[in-house]
Amino acid sequence: MTENSTEHKHYAIYKPYGFLSQFYSNSTQQKRKKFLGELDNFPEGIMAIGRLDEKSEGLLLLTTDGKMSDFVNSQKVEKEYYAQVDGDITEEAVDKLKTGVEIGFDGKKYQTKPCKAFKLDGIPELPKAQQKIRDDRHGPTTWVSITLNEGKFRQVRKMTSAVGFPTLRLVRVRVGTLDLSGMQIGDVIEHSRFSLR
């Protein structure tokens, strides 16, 4: 380990619903939004590795090391999501997710890369949702695991919509070998370094 790498700071956080994956914004529309800096007193130069959109929650890694950020954002590190979808997702829909679906991205059509996907048996053990999610009186919901090596803007949500099962709740549960186990919403855990493979 080089001397330089010990100076860097690394954190795993459970990003809450309703927070932006950034520390500040110059946009006047975003002044009232919630930012990651509200969760802890982070060091200068800290950055989120990748993003989770405002309505998504779960594992987000933070670092002061730009090289680590580039490595995780490259397509070498898997990211696993649990999506609660509207309806009883079919095997056919799951197969489509696995092989790749067409979504809109930056005004163009984009074909997602093949990925791992499967329907979860029952409800995963996660902290209670902070937002109101419609209950099963309005029809069934199911949970699906989707593991990607890419991360386009709102990709998982767009993928489940493309196969006819819109996402109601989205939680990133794993990045590489790091997962959410034992973490509660808003938790911040400092790591000496990230070993993600």
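Leu 62, Leu 97, Ile 146 and Met 159 are the most contacted members of the largest nonpolar core, which has 29 residues in total. Those elements that provide at least two residues to this core are strand S1 (10-15), strand S3 (57-63), strand S4 (79-86), helix H3 (91-99), strand S8 (141-148) and helix H4 (155-162). Formed by 19 residues, the second largest nonpolar core is a distinct cluster that contains Tyr 14, Leu 61, Leu 120 and Trp 143.

For the rest of this paragraph, the subject is the confidence of the model for the chain. Chain-level statistics for the chain give a pLDDT mean of 90 and a share of 96% at 70 or above. Confidence drops under pLDDT 50 across residues 1-5; counting only partners more than four residues distant or on other chains, this segment forms 3 contacts.

Inspection of every chain in the model, using the stated rule, returns 3 aromatic pairs. For the pair Tyr 11 and Phe 42, a centre-to-centre distance of 5.1 Å together with 80° between the ring planes defines the contact as edge-to-face. Here Tyr 11, found in strand S1, pairs with Phe 42, found in the loop between S1 and strand S2 (47-49); they are 31 residues apart in sequence, far enough to count as distant. Centre to centre, the rings of Phe 23 and Phe 42 are 5.7 Å apart; their planes meet at 80°, and the pair counts as edge-to-face. With Phe 23 in the loop between S1 and S2 and Phe 42 in the loop between S1 and S2, the pair connects residues that are 19 residues apart, well separated along the chain. By relative accessible area, which is 12% here, Phe 42 ends up buried. Joined through ring pairs, the aromatic side chains of Tyr 11, Phe 23 and Phe 42 make up one cluster. Its end group placed over the ring of Tyr 110, Lys 152 keeps NZ or CZ at 4.9 Å from the ring centre.

Scoring rules and cut-offs
Residues numbered from 1 in each chain as written. Predicted model: local features only at pLDDT ≥ 70, side-chain atom pairs only at ≥ 80, totals over all residues. Heavy atoms only, no water. Core = buried A, V, L, I, M, F, W, Y, C linked by side-chain atoms within 4.5 Å. Buried < 20%, exposed > 50% of the residue type's maximum accessible area, 1.4 Å probe, protein only. Helix = DSSP H or I, 4+ residues; strand = E, 2+ residues; numbered from the N terminus. pLDDT = per-residue confidence, 0-100. Contact = heavy atoms within 4.5 Å. Phe/Tyr/Trp six-rings, centres within 6.5 Å; stacked < 30°, edge-to-face > 60°. Lys NZ or Arg CZ within 6 Å of the ring centre and 35° of its normal.

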